[in-house]
Amino acid sequence: PRWAEVTFRSRPEAAVVTLDGAPVGRTPVVVDVGEGRHRVRIELAGHDPYEGRLDVVANEPFVHPTVELKPKPGSVEVASVPAGATVTVDGVYRGVTPIELALAPGREHAIGIALAGHEPAARAVRVSSEDRREITVTLEPRIGEVRVDALPVDAEIQVDGRPVGRGSATIELSATPHRIEIRRDGYVPHMETVTPRPGIPTEIEVELKTAAEIRAASIPGSLESPEGHRLVRFEGGRFRMGASRREPGRRSNEGFRDVEITRPFYLATAEVTNAQFRRFRESHRSGAFGGHNLEIDTHPVVRVTWDQAARYCNWLSDQEGLPRAYREAEGGLVPVDPPTAGYRLPTEAEWAFAARFAGRTAALKFPWGDRLPPAPGSANFADLSAANTLPEILEDYQDRHPATAPVDAFAPDERGLRQMGGNVAEWVQDVYTTAPSRSGTLDVDPIGPADGSLHVIRGSSWMDATVSELRLSYRDYGGEARPDVGFRIARYWKIPEREGGR
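Predicted, not measured: the structure shown is a model, and the values here were computed from it.

We now examine the overall build of the protein. When its secondary structure is counted, the protein shows five helices and 38 strands. For 502 residues, the compact-globule formula gives about 23 Å, and the C-alpha radius of gyration of the protein, at 45 Å, lies well above that figure. Taken over the C-alpha atoms alone, the protein extends approximately 145 × 55 × 40 Å along its principal axes. Counting only residues that meet the buried cut, the protein has 46% of its 502 residues in that class. The contacts in the protein between residues at least 6 apart in sequence include a share of 58% that link residues at least 24 apart.

Attention now goes to the environment of Pro412. Position of Pro412 relative to the elements: it lies in the loop between α4 (348–357) and β33 (425–431). When the C-alpha positions of Pro412 and Glu207 are compared, they lie 33 Å apart, and in sequence the two are 205 residues distant. Sequence-distant contacts of Pro412, that is, excluding residues within four places in its chain, are made with Leu417 and Arg418.

Before going further, it helps to examine the packing of aromatic side chains. Scanning all chains against the criterion turns up 16 aromatic pairs. Ring centres of Phe277 and Phe487 lie 6.2 Å apart, and the angle between their planes is 80 degrees; on these two criteria the pair is classed as edge-to-face. Separated by 210 residues along the polypeptide, Phe277 in helix α2 (residues 274–280) and Phe487 in the loop between β37 (485–486) and β38 (490–492) bring together distant segments of the chain. Note on Trp368 and Phe381: the rings are 5.6 Å apart at their centroids and 75 degrees apart in plane angle, and the pair reads as edge-to-face. Residue Trp368 is located in the loop between α4 and β33, and its partner Phe381 is located in the loop between α4 and β33; the two are separated by 13 residues in the primary sequence.

Taken as a whole, this structure holds 37 salt bridges when the rule is applied. Asp443 is the partner of Arg257 in a salt bridge, and the nearest nitrogen-oxygen pair spans 3.0 Å. Here Asp443 lies in strand β34 (residues 442–444) and Arg257 lies in strand β27 (residues 257–261), a separation of 186 residues in the sequence. Owing to a relative accessible area of 10%, Asp443 belongs among the buried residues under this scheme. A salt bridge links Arg488 to Glu426, with the shortest nitrogen-to-oxygen separation between them at 2.8 Å. Here Glu426 lies in strand β33 and Arg488 lies in the loop between β37 and β38, a separation of 62 residues in the sequence. With respect to class, Arg488 is no different from Glu426; both count as buried.

Right, let's talk about the environment of Ala116 for a bit. Tracing the backbone through its elements, the reader meets Ala116 in the loop between β14 (108–114) and β15 (121–126). With relative accessibility at 55%, the residue Ala116 sits in the exposed group. Placed 26 residues apart in sequence, Ala116 and Arg142 show a C-alpha to C-alpha distance of 8.7 Å. Here Ala116 is in contact with Ala175 and Thr176, once residues within four sequence places are set aside.

This brings us to the confidence of the model for the protein. The predicted coordinates ought not to be read in detail in places where the model reports low pLDDT. When the pLDDT values of the protein are averaged, the result is 93; 97% of them are 70 or greater. Segment residues 496–502: pLDDT under 50, and 13 contacts once partners within four positions in sequence are set aside and those in other chains are kept.

Before going further, it helps to spend a moment on the nonpolar core. Within the largest apolar cluster, 27 residues are counted, with the highest numbers of intra-cluster contacts made by Tyr326, Leu345, Trp427, Phe487 and Ile489. Elements represented by at least two residues in this core include exactly β28 (265–268), α3 (306–320) and β33. Per-element tally for this core: the top contributor is α3, with six residues.

Strand pairing in a sheet is mediated by backbone hydrogen bonds. Such pairs are either parallel or antiparallel. Read from one edge to the other, the open sheet built from four strands follows the order β24-β25-β28-β38, with strand pairing classed as antiparallel. Looking at strand neighbours, the two that pair on one side only are β24 (222–224) and β38, the edges of this open sheet. This sheet shows a mean twist of 25 degrees between the axes of neighbouring strands, independent of strand direction. Two strands pair when backbone bridges link them, and β24 and strand β25 (residues 230–234) are joined in this way by three bridges, in the antiparallel orientation. In the strand pairing of β25, Glu224 is matched with Arg230.

With an omega dihedral of -5 degrees, the bond running from Thr27 to Pro28 counts as a cis peptide bond. With an omega dihedral of 0 degrees, the bond running from Asp337 to Pro338 counts as a cis peptide bond. Turning to its location among the elements, Pro338 is positioned in the loop between β32 (332–335) and α4. A positive phi angle, close to 70 degrees, is found at Ala14, a residue other than glycine. Along the chain, the position of Ala14 falls in the loop between β2 (10–11) and β3 (16–19). Within the chain, Arg303 stands out as a residue other than glycine whose phi angle is a positive 55 degrees. Secondary-structure assignment places Arg303 in the loop between β30 (292–293) and α3.

The rules behind these values
Residues numbered from 1 in each chain as written. Predicted model: local features only at pLDDT ≥ 70, side-chain atom pairs only at ≥ 80, totals over all residues. Heavy atoms only, no water. Helix = DSSP H or I, 4+ residues; strand = E, 2+ residues; numbered from the N terminus. Rg over C-alpha atoms; globule rule 2.2 N^0.38 Å. Buried < 20%, exposed > 50% of the residue type's maximum accessible area, 1.4 Å probe, protein only. Contact = heavy atoms within 4.5 Å. Phe/Tyr/Trp six-rings, centres within 6.5 Å; stacked < 30°, edge-to-face > 60°. Salt bridge = Lys/Arg side-chain N within 4 Å of Asp/Glu carboxyl O. pLDDT = per-residue confidence, 0-100. Core = buried A, V, L, I, M, F, W, Y, C linked by side-chain atoms within 4.5 Å. Pairing = 2+ DSSP bridges. Axes fitted to C-alpha atoms, helices over the stretch in contact; angles between N-to-C directions.

Take a look at the structure:
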């Protein structure tokens, strides 16, 4: 014979056996099957069919392994309000709503539905084979309270792009992330994402800032140079340089000028000392005057030219990796244009603003106040201790320093600056001009003439005693080194973006 007996069994029984597409009986069944390869299909209603291959050897009976027929699953379509909730079946993640689930029949399944900011839901489901069911669950939101207080008081409050009030508002929101935005024309808007917590109010307090205020806040209040100079920040502002014609001691080069400083700048709290300058130029000598030593390390360096002071500033910039503030030109150094963030001498406007106007409601006349004589301990002027050295002194003032004094010998002003008047007069960056009054004109960030052989000197010194010289509006000038002239340093934090820089 060219056939063999083949036994087919299944669990459950009574499944239809088909060989090569032709039914041959129900399990259990013994069938004579011709030799060769055959396609086998065993199927039972409500169950997934079995399909396989069978190789028959003539005259060799064969018992096919018992086929376990699995019941067809039932299906459950799960929806939620709102949609997008995660769905688990018996603790296993299956997807997000809406979703159709295939479930094994004949037993109970635990379906979990969860959405951020809502109370979770659970359903127990039992399905039959090929059963189809639908479940829709409305999820209850979890509510939290958000309290917003904003300045200015008319700033608009938005939640997820929807206006909800101005200035102050208490809002009930679902416990999901929400975008809170507070805005007002002329101010930088504030935005943050908040997830309210039920039972625990979320507090938001915001004070909007202008772009200029934010830039100013990002700049440190003080800096320190590689040589230990401490520099403090000044915001600048609008003020009037010079002095009234009626002011006693006023000179003709002190005409009024309306000035505005728009860029924050830093100014050293003290003058450059001999020790600091000698680390730049070891051979420098401040010398002596009238038998008094001007070389002491802690005293201000003197007998420096404007060009030497500018070169010291470039040296400081090199140490810190800043762009130099001065470049070589025929005859010496000149300021780089546009200005850099490197160390430099203060402009005359910056010096005058820091000495007379910063933090004050009215211009300061003398370093100590508005009246002569100087208050005790004000600064180092031509006093009684210099009577044997100088032709003119303050007869009723004693500072105990016949020549220069340590740069920190006297108390600083309210901004931390020491001896903006007294000790030594100071080179500033500007080339000298008489700066006549120009009625109705506002000088913005003035830097003086482009060229000239003389530079402005500001502040009184240890050699000064007259009402003209002691005033903070006093303007001197020169081109040579002097025993009563030194300098202090300044710089910008950074240069406006349109000009590049650090």
